[in-house]
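# Examining the three-dimensional arrangement
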Amino acid sequence: MAEENLSVVLHAQGDLRLEKRPVPEPGPNEVLLQMHSVGICGSDVHYWQHGRIGDFVVTKPMVLGHEASGRVVKVGSAVRHLKVGDRVAIEPGAPREMDEFLKNGRYNLSPTIFFCATPPDDGNLCRYYKHNANFCYKLPDNVTFEEGALIEPLSVGIHACRRAGVTLGSTVLICGAGPIGLVCLLVAKAMGASQVVITDLFPERLTIAKELGADFQLTVKRGDGPQQLAKSVEDKLGAQPHVTIECSGVESSIQTAIYATRSGGVVALVGLGPDMVTIPLINAAIREVDIRGIFRYCNTWPMAIAMLAAGKVNVKPLVTHRFPLEQAVQAFETTRQGLGIKVMLKCDQNDQNP
């Protein structure tokens, strides 16, 4: 085992460094992983550019990265379900205690949860990383490491579509065609949505959405009014959608989501914007439009792996750029500029394949 553990470390706002750290030793219920593929998320870039997201503030050096897969190289004494050589996808959120949320199966809401690359917890954009073995999931032979890493964003789509009640025959509006809007599109289609409309400011993103299966695309212009956009959605579909999944976090887009959704329908809020937004709450109330929050995901990895292995969802087109770990700063810059969809960092010097 190469004893150098090259890691991508954020020291403070704007201060991103590549540095060598010791290779960690797994505890009894942990596994040590040789990292293979790690995707860069908008949140990683946000921490780099702003040093914080909401109440989560970078106060000490933190390893970035949470969309990841790797190979088991060492197994803790109490671990039974994994062995050295297993290829695994990592669920980055692992509860620290058996609280009411874990008992209820909604462990993503546990206030003390460990979560990769969320201050103060280190992420896994490095050569070697240890993680709770119960949150490492074995990948079938026909699922690549990159697909394994993409289970993390895919899980956001699964959790959002589940919470929104997407089912056979649903009509769905997705606001925003970035990586999360696109995975919501893939999952909605796989869960039986009959028609999906997707909106974005950038036509090139909508072109990708069309290739991934969107039935209708709607280019938003900065001056468009929410009610006017809601009418355009209804015109495209021939009726208002049952479900709207809002992936931008922009105030005007949340307003559009509420106006556009059919009475008795559901709006799922995935995108995170400012703390306070003004929305037509009374419009939603009198039409019984349910507004549901989405925070990360829970209990999604087994479903995601099954869907990928069976070919029910194809995430491979999402990866548009690849960089070796040594070129992490360039990779982050590519993501910051909004080029392509998903930038993947390759952490294993001897295996740069997908």
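Note that the structure is predicted; figures quoted are calculated from it, not measured.

### Regarding the overall build of the chain
Scanning the chain from N- to C-terminus turns up 10 helices and 20 strands. For the chain, the C-alpha atoms occupy an extent of roughly 60 × 40 × 35 Å along the three principal directions. The burial tally for the chain puts 53% of its 354 residues in the buried class. Once local pairs closer than 6 in sequence are excluded, the contacts in the chain between residues at least 24 apart make up 67%. Roughly 15300 Å² of accessible area belongs to the chain as shown, and the carbon and sulfur atoms make up 53% of that amount. For the chain, the centre of its 35 positive side-chain charges and the centre of its 36 negative side-chain charges are spaced 3 Å apart.

### Comments concerning the domain arrangement of the chain
Domain annotation of the chain identifies domain 1 (5–138 + 315–346) and domain 2 (158–293). Once you take the C-alpha centre of each, domain 1 and domain 2 turn out to be 29 Å apart. Taken together, the two surfaces of domain 1 and domain 2 that pack against each other cover about 560 Å², and 78% of this comes from carbon and sulfur. Scanning the region where domain 1 abuts domain 2 turns up 0 salt bridges.

### A few points about the side chain of Thr300
By secondary structure assignment, the location of Thr300 is in the loop between β18 (290–293) and α9 (301–309). Not counting residues up to four positions away in its chain, the partners in contact with Thr300 are Ser155, Ile158, His159 and Arg162.

### Describing the layout of surface pockets
The computed volume of the second largest pocket comes to approximately 450 Å³. Taken together, 20 residues line the second largest pocket, and the ones lying closest to its centre are Pro24, Phe114, Asp122, Tyr129 and Lys130. Sorting the residues of the lining of the second largest pocket by element identifies β1 (5–12) and β11 (128–132) as the ones contributing at least two each. At 5 residues, the largest contribution of residues to the lining of the second largest pocket is made by β11.

### A closer look at the sheet that holds β18
Pairing in this open sheet of 6 strands is parallel, and the strands run β15-β14-β13-β16-β17-β18 from one edge to the other. Edge positions in the open sheet fall to β15 (216–219) and β18, since each of these has one partner strand only. Between one strand axis and the next, the sheet turns through 15° on average, direction left out of account. The strands touched by helix α4 (residues 179–190) are β13 (171–175), β14 (195–200) and β16 (243–246); relative to β14, the strand with the most contacts, the crossing angle is about 175°. Here helix α6 (residues 226–237) sits on the sheet in contact with β13, β14 and β15, set at roughly 155° to β15.

### Let's talk about the packing of helix α1 (residues 42–50) against helix α10 (residues 328–336)
Closest axis-to-axis distance for the α1/α10 pair is 10 Å, and the angle between their directions is 100°. Here α1 is positioned roughly perpendicular relative to α10, judged by the angle of their axes. Taken together, the residues of α10 that come into contact with α1 (itself represented by Asp44, Val45, Trp48 and Gln49) are Phe332, Glu333, Thr335 and Arg336. By residue class, the composition of the contact of α1 with α10 is 3 nonpolar, 2 polar and 3 charged.

### So, the packing of helix α3 (residues 145–164) against α9
Put simply, α3 and α9 touch, their axes get as near as 9 Å, and they point 115° apart. On the basis of the axis angle, α3 is roughly perpendicular to α9. Handedness of the crossing formed by α3 with α9: right-handed. Contacts between α3 and α9 involve Glu147, Ile151, Glu152, Leu154, Ser155, Ile158 and Arg162 from the first element and Trp301, Met303, Ala304, Ile305, Met307 and Leu308 from the second. Residue composition of the contact of α3 with α9, by class: 9 nonpolar, 1 polar and 3 charged.

### Let's talk about the pattern of salt bridges
Taken as a whole and judged by the stated rule, the model has 19 salt bridges. The residue Arg21 makes a salt bridge to Asp122 at a minimum N-O spacing of 3.4 Å. One end of the pair, Arg21, is in strand β2 (residues 15–21); the other, Asp122, is in the loop between β10 (114–115) and β11, and 101 residues separate them in sequence. Here the salt bridges do not stand alone but share partners, grouping Glu4, Lys20, Arg127 and Glu326 into one network.

### Structural notes on the packing of aromatic side chains
Inspection of every chain in the model, using the stated rule, returns 5 aromatic pairs. Pairing Trp48 with Phe332 gives two aromatic rings, centres 5.8 Å apart and planes at 90°, and the pair type is edge-to-face. With Trp48 in helix α1 and Phe332 in helix α10, the pair connects residues that are 284 residues apart, well separated along the chain. Chaining the aromatic ring pairs together yields one cluster made of Phe115, Tyr137, Tyr297 and Trp301. Against the face of Phe145 rests Arg87, its NZ or CZ located 4.6 Å from the ring centre.

### A short note on a nonpolar patch on the surface
A cluster of nonpolar side chains, contributed by Leu281, Ile282, Ile286 and Ile291, occupies part of the molecular surface with about 420 Å² of accessible area. With 3 residues, the single largest contributor to the nonpolar patch is helix α8 (residues 281–286). Within the secondary structure layout, Ile286 lies in helix α8.

### Quick look at the sheet that holds strand β6 (residues 62–63)
For sheets, the rule is that strands pair by backbone hydrogen bonds, running either parallel or antiparallel. With antiparallel pairing, 3 strands are arranged side by side in an open sheet as β2-β1-β6. With one partner strand each, in any of the chains shown, β2 and β6 form the two edges of the open sheet.

Parameters and conventions
Residues numbered from 1 in each chain as written. Predicted model: local features only at pLDDT ≥ 70, side-chain atom pairs only at ≥ 80, totals over all residues. Heavy atoms only, no water. Helix = DSSP H or I, 4+ residues; strand = E, 2+ residues; numbered from the N terminus. Buried < 20%, exposed > 50% of the residue type's maximum accessible area, 1.4 Å probe, protein only. Contact = heavy atoms within 4.5 Å. Areas by Shrake-Rupley, 256 points an atom, 1.4 Å probe, with all protein chains shown as cover. Lys, Arg positive; Asp, Glu negative; His and termini not counted. Charge placed at Lys NZ, Arg CZ, Asp CG, Glu CD. Domains from an automatic or database assignment. Buried area = accessible area lost by both parts, 1.4 Å probe. Salt bridge = Lys/Arg side-chain N within 4 Å of Asp/Glu carboxyl O. 1 Å grid on protein atoms, 1.4 Å probe; cavity = no way out; pocket = protein on both sides within 12 Å on 5 of 7 lines; lining within 4 Å. Points joined across faces, edges and corners; volume = space filled by probe spheres on them. Pairing = 2+ DSSP bridges. Axes fitted to C-alpha atoms, helices over the stretch in contact; angles between N-to-C directions. Parallel < 35°, antiparallel > 145°, perpendicular 65-115°, else oblique. Nonpolar A, V, L, I, M, F, W, Y, C, P; charged D, E, K, R; others polar. Left-handed = near helix turned anticlockwise from the far one by under 90°. Phe/Tyr/Trp six-rings, centres within 6.5 Å; stacked < 30°, edge-to-face > 60°. Lys NZ or Arg CZ within 6 Å of the ring centre and 35° of its normal. Patch = residues over 30% accessible without salt bridge, like charges linked within 9 Å, V, L, I, M, F, W, Y side chains within 5 Å.

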